[in-house]
Amino acid sequence: MDMNRHEFQLDDLIERIKANDNRLVALQVPEGLKMQALEMMDSIEEDTSARIILAADPCYGACDLVHDKMQRMGVELVAHMGHSQMNIDSGMPTEFINVTYDGDPAIDPVLPILEQHRRIAESRLSRVEEDREMSEEEAKELFVDAVGRISPLKGTKLGLVGSIQHLHLIFEYKERLEAVGYDVEIPVGGARLSFPGQVLGCNYSGDSDEIGHYLFLGSGDFHPIGLVLHTGKPLAMLDPYTGGAEEMSFERIERILRQRFGLIMSCDEAESFGILIGEKPGQMRRNLALRMKRKIEKHGKKGYLLALEHIGPELIDFYPVDAFVNTACPRIAIDDSVRYAKPLITPFELEVALGEKKWELGYKFDEIP
Ligand code: SF4
């Protein structure tokens, strides 16, 4: 990755610091850009009379805004870089700083994958759903089927999404893809998302049944895994850093679904649960946690509410409970569960384990709206 091709848009921040005559500003930078943090601190301090404190804890999203703990240090403004504003209030004045990457790869390498995926979408469009009783065995098979669990589509459009540093290119890519015959939709999601085509690891709310397959503009498989788990739709990836194209394989998604299935089954006999509540402003789902506690108790089991800012095996494994239910960042349960000694499941998975949700409804991704 050529870091010099990132553009950090500091102008609005500098104007705001000058206008408010801020003296102490906290800078929050995502993990991938921390190497550039000191350079940015220099450049803000050179252009203003503010002193900058780097909020150096790990930061993976705008859900994790610096909140009132820094107020006690005298911080007047938070400059949050690389993520967009969410529907949350951290209690601190916050300036969001856009970061864009100018990589502009050709679409040719991804076209053969898109063609295959369009055919999958067309075959699903014509599928007739049978309304019939299912055996327990069939229902469980449907649960771990990456594609079959999704009801028939209404359209075969190509959904075009991306991670935030590439979204400035998304309308240009729409035109390029339309020029080679694709009917392209740029999904617009709910209040947690700020831009058309934006996806987060916990929110794919722009999906619709008119969209039959996806192209993701970005790198890594974090967003692609979530999108395919959520939608069951084929997804191609075009990486602006390398120009490479690949697809998210259904085998990979089915492996994850089988792992989720195993974790749910292993909670069958659990008598006590730790219910994790995230303290980060955009991960805090207290009401959901309380609802899960009521459900657990309704089934004659014990549920203990545990609030944490950071969640890790060393912080929870020792509690004498049989399993944990995670209501903080959904990806902690999905991506990291192998790190924990006890089953770590999502609220939906708990409902399946308690028999309150049926296997035949298919897997439901834990989305934060
Ligand atoms: S996926 Fe997790 S870390 Fe990322 S925005 Fe959502 S809650 Fe935050």
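Description of the structure in this document. (Residues numbered from 1 in each chain as written. Predicted model: local features only at pLDDT ≥ 70, side-chain atom pairs only at ≥ 80, totals over all residues. Heavy atoms only, no water.)

1. A few points about the overall build of the chain
Stated formally: Each helix is a run of DSSP H or I of at least 4 residues and each strand a run of E of at least 2, with the numbering of both proceeding from the N terminus. Our radius of gyration looks at C-alpha atoms and nothing else; its globule reference is 2.2 Å times the residue count to the power 0.38. Working definition: with a 1.4 Å probe on protein chains only, accessible area under 20% of the residue-type maximum means buried, over 50% means exposed, and in between means partly exposed. All accessible areas in this document rest on Shrake-Rupley with a 1.4 Å probe, and a residue is counted as covered only by the protein chains that are shown.
When helices and strands are counted, the chain shows 11 helices and 15 strands. Against the 2.2 N^0.38 benchmark of 21 Å for 369 residues, the chain shows a C-alpha radius of gyration of 22 Å, consistent with a compact globule. Taking the principal axes of its C-alpha atoms as reference, the chain extends roughly 70 × 55 × 30 Å. Per-residue burial for the chain yields a buried fraction of 53% across its 369 residues. Entry remark: accessible area of the chain is about 16,800 Å², with carbon and sulfur atoms responsible for 50%.

2. Structural notes on the pattern of salt bridges
Definition in use: When a carboxyl oxygen of Asp or Glu is within 4 Å of a side-chain nitrogen of Lys or Arg, the pair counts as a salt bridge.
Inspection of the entire model under this criterion finds 28 salt bridges. Across the pair Asp104 and Arg176 runs a salt bridge, and its minimum N-O distance is 2.7 Å. Pair noted here: Asp104 is in the loop between strand 6 (99-101) and helix 3 (111-125) and Arg176 is in helix 5 (residues 170-179), with a separation of 72 residues, a long-range link. Residue classification places Asp104 among the partly exposed positions, given a relative accessible area of 39%. Taking relative accessible area as the criterion, Arg176 reaches 25% and is therefore assigned partly exposed. Two residues, Glu136 and Lys140, come together in a salt bridge whose shortest N-O distance is 3.0 Å. Of the two residues, Glu136 and Lys140 are both situated in helix 4 (residues 136-143); the distance of four residues between them amounts to about one turn of the helix. Taking the relative accessible area as the measure of exposure, Glu136 reaches 49% and is therefore partly exposed.

3. So, the nonpolar core
Defined as follows: To qualify as a nonpolar core, a set must consist of buried Ala, Val, Leu, Ile, Met, Phe, Trp, Tyr and Cys residues joined through side-chain atoms within 4.5 Å.
Residues Phe143, Leu229, Leu235, Ile253, Phe273 and Leu350 are the most contacted members of the largest nonpolar core, which totals 45 residues. No other element matches helix 7 (residues 250-266), which puts six residues into this core.

4. Some thoughts on the site of the ligand
For clarity, the threshold we go by: We call a residue near a molecule or strand whenever a single non-hydrogen atom of that residue lies within 4 Å of it. Gly falls in the polar group here, along with every residue not listed as nonpolar (Ala, Val, Leu, Ile, Met, Phe, Trp, Tyr, Cys, Pro) or charged (Asp, Glu, Lys, Arg).
Looking at the ligand, the residues that line it are Tyr60, Cys63, Met86, Arg192, Gly201, Cys202, Gln283, Cys329 and Arg331. Looking at the shell around the ligand, its residues break down into five nonpolar, two polar and two charged.

5. Some remarks on the packing of aromatic side chains
For any pair of aromatic rings, geometry is given as the distance between the ring centres together with the angle between the planes. To be explicit about the condition: Geometry of aromatic contacts follows a simple scheme: Phe, Tyr and Trp rings, the Trp one being its six-membered ring, pair when their centres are within 6.5 Å, and the pair is stacked under 30 degrees between planes, edge-to-face over 60, tilted otherwise.
Applying the stated rule across the entire model yields eight aromatic pairs. A ring pair is formed by Phe143 and Tyr363, whose centres lie 5.6 Å apart and whose planes are at 80°; its orientation type is edge-to-face. Residue Phe143 is found in helix 4, and its partner Tyr363 is found in the segment after helix 11 (347-353); the two are separated by 220 residues along the sequence. A single burial state applies to Phe143 and to Tyr363, both of which are buried.

6. Quick notes on the sheet that holds strand 13 (residues 302-308)
Note the threshold: For two strands to count as paired, DSSP must find a minimum of two bridges between them.
Pairing within the open sheet is parallel, and its four strands lie in the order 13-12-14-15. In this open sheet, the two strands that pair with only one neighbour each are strand 13 and strand 15 (344-345). Strand direction decides the pairing type here: strand 12 (residues 272-278) and strand 13, joined by seven bridges, are parallel. Looking at the pairing, Leu276 lines up with Leu306 of strand 13.

7. Some words on the packing of helix 4 against helix 7
What counts, and what does not: The angle between two axes is taken between their N-to-C directions and runs from 0 to 180 degrees, where each axis is a line fitted to C-alpha atoms and a helix contributes only its stretch in contact. Angular relationships are summarised with four words: roughly parallel below 35 degrees, roughly antiparallel beyond 145, roughly perpendicular across 65 to 115, and oblique for the angles in between. Contact definition: two residues touch when any of their heavy atoms are within 4.5 Å.
Following both chains from N to C, one finds helix 4 and helix 7 inclined at 130°, their axes separated by 9 Å at the closest point. Relative to helix 7, the element helix 4 is oriented oblique. Residue-level inspection shows Lys140, Glu141 and Phe143 of helix 4 in contact with helix 7, the latter providing Leu257, Arg258, Phe261, Ile264 and Met265. Of the residues in the contact of helix 4 with helix 7, the class split is five nonpolar, no polar and three charged.

8. Side note on the sheet that holds strand 5 (residues 94-97)
Spatially, 3-2-4-5 is the arrangement adopted by the four strands of the open sheet, whose pairing is parallel. The two strands at the open ends of the sheet, each matched to only one other strand, are strand 3 (51-54) and strand 5. On average, adjacent strands in this sheet sit at an angle of 25° to one another, irrespective of strand direction. The sheet contact formed by strand 2 (residues 24-28) and strand 3 spans four bridges and is parallel. From the neighbouring strand, Val25 faces strand 3, where its bridge partner is Ile52.

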